[in-house]
Amino acid sequence: MRGCLLVSILPTIALALLTQEDRDSLLEAHNKARAEVSPPAANMHAMVWDSNLELVAQNWANQCLFEHSPGSYGENLAQFTSGHWPVSLAAELWLEEEPFYTYDGTHQACQSGKVCGHYTQMIWADSSRLGCGAKECNGHTIVVCNYSPSGNYIGQFPYIVDSRSPNAPNNGWCTYCSQDCDKLCPADAVSYIHYPCSPDCVDQQEESFCQYVISIGSPAGETNGEKCHNSVYSGFLKKVCMKFCEYCICDS
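Computed from a predicted structure; not experimentally measured.

With that settled, the discussion passes to the overall build of the protein. Helix and strand content of the protein: 7 helices and 7 strands. When the helices and strands of the protein are read in sequence order from the N terminus, they spell out β-α-β-α-β-α-β-β-α-β-β-α-α-α. Counting only residues that meet the buried cut, the protein has 46% of its 252 residues in that class. Here the contacts in the protein between residues at least 6 apart in sequence split such that 70% fall between residues at least 24 apart. About 12,700 Å² of surface is accessible on the protein, with carbon and sulfur atoms providing 52% of the total.

For the structure on display, the rule yields 4 disulfides. One disulfide bridge connects cysteine 110 with cysteine 116, the sulfur atoms lying 2.0 Å from each other. Taking the sign of the torsion about the S-S bond as the criterion, the disulfide between cysteine 110 and cysteine 116, at about 80 degrees, is right-handed. For cysteine 110, a relative accessible area of 34% puts it in the partly exposed group.

Right, let's get into the nonpolar core. Among soluble globular proteins, nonpolar side chains are generally buried collectively. If you look at the biggest cluster of nonpolar residues, it comprises 21 residues, and the most contacted ones within it are Trp94 and Leu130. When residues of this core are traced back to their parent elements, those giving at least two are α1 (20–35), β3 (74–81), α3 (89–95), β6 (129–137) and β7 (140–148). In terms of residues, this core owes the most to one element, α3, which gives 5 residues. The residues touching leucine 130, leaving out its near neighbours within four places in the chain, are Leu26, Leu27, His30, Met47, Val48, Trp49, Asp50, Leu53, Cys145, Asn146 and Tyr147. By size, the runner-up hydrophobic cluster in this structure holds 13 residues, among which are Phe209, Tyr233, Phe236 and Phe244.

When its volume is computed, the second largest pocket comes out at roughly 190 Å³. Lining the second largest pocket are 13 residues, and of these Tyr101, Gln108, Thr120, Asn152 and Gln156 sit closest to its centre. The set of elements that each furnish at least two residues to the lining of the second largest pocket consists of β5 (108–110) and α4 (117–122). The element that contributes the greatest number of residues to the lining of the second largest pocket is β5, accounting for 3 residues. Its residues assigned to classes, the lining of the second largest pocket comprises 7 nonpolar, 6 polar and no charged.

Here the structure, examined in full by the defined rule, presents 5 aromatic pairs. Connected via pairs of aromatic rings, a cluster forms that spans Tyr101, Tyr103, Tyr119, Phe157 and Tyr159. One residue, lysine 114, lies across the ring of phenylalanine 100, its end atom 4.6 Å from the ring centre.

Here threonine 120 shows up in helix α4. The exposure class of threonine 120 is buried, given its relative accessible area of 8%. Side chain to side chain, threonine 120 and asparagine 152 meet in a polar contact 2.6 Å long. Sequence-distant contacts of threonine 120, defined by excluding residues within four places in its chain, comprise Tyr101, Asn152 and Pro158.

By the secondary structure assignment, alanine 57 is in helix α2 (residues 51–61). A relative accessible area of 0% places alanine 57 in the buried class. With 88 residues separating them along the chain, alanine 57 and cysteine 145 place their C-alpha atoms 6.0 Å apart.

About the thresholds
- Residues numbered from 1 in each chain as written.
- Predicted model: local features only at pLDDT ≥ 70, side-chain atom pairs only at ≥ 80, totals over all residues.
- Heavy atoms only, no water.
- Helix = DSSP H or I, 4+ residues; strand = E, 2+ residues; numbered from the N terminus.
- Buried < 20%, exposed > 50% of the residue type's maximum accessible area, 1.4 Å probe, protein only.
- Contact = heavy atoms within 4.5 Å.
- Areas by Shrake-Rupley, 256 points an atom, 1.4 Å probe, with all protein chains shown as cover.
- Disulfide = S-S within 2.5 Å.
- Core = buried A, V, L, I, M, F, W, Y, C linked by side-chain atoms within 4.5 Å.
- 1 Å grid on protein atoms, 1.4 Å probe; cavity = no way out; pocket = protein on both sides within 12 Å on 5 of 7 lines; lining within 4 Å.
- Points joined across faces, edges and corners; volume = space filled by probe spheres on them.
- Nonpolar A, V, L, I, M, F, W, Y, C, P; charged D, E, K, R; others polar.
- Phe/Tyr/Trp six-rings, centres within 6.5 Å; stacked < 30°, edge-to-face > 60°.
- Lys NZ or Arg CZ within 6 Å of the ring centre and 35° of its normal.
- Polar contact = N/O pair within 3.5 Å; in protein donor to acceptor, adjacent residues only side chain to side chain.

Here it is, written out as structure tokens:
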């Protein structure tokens, strides 16, 4: 689903295709917003850059039309007076909607008279691929970002709230944390429950939770370390139950 935003900001820049810095900044802004949603998410995909979506977005930006494209992808638009501003300003503008949006897992609302659709598309859990384009048009910079799968479906919520219940269903746990330990699950994950990971020798979950996870499937082994190693969730356990699973040696 789609949203557009018009903002007037002064001074001037000629803009063509995105630079790698632009791509990195836009992607980082999206993933930071997704990792910091409140309440926390149980099914938030880490967003990745998609060159095909970028091509679609750039082709539409090149039309210099500040209106939504006829495509089927999710789409956010921003337009601001050309100047010494990075393309990533678009994401910052969309993120300004966050204070007006409320969500508790069962109800969501946007403050009366405000727009929240750009923000909710940014944090739509299943929208795991991003591609953007930008163009200077008659003194204005138009930024187009496309999302796949599309988000903002009427009657649906942007993500599932993480209840952190040890009794959560075990059908598809996220089996490893993202490389930067940033509360996001892999972009190609389909169904999972996710918990934060730690680079240190510190268990992120209580011992009872770690015991519960290794009990699933009754993996072979005499020690907790052996059971963790043989568990189908070994990667997940290595991140959240490092000490319990004897993956690291901690100073006493």
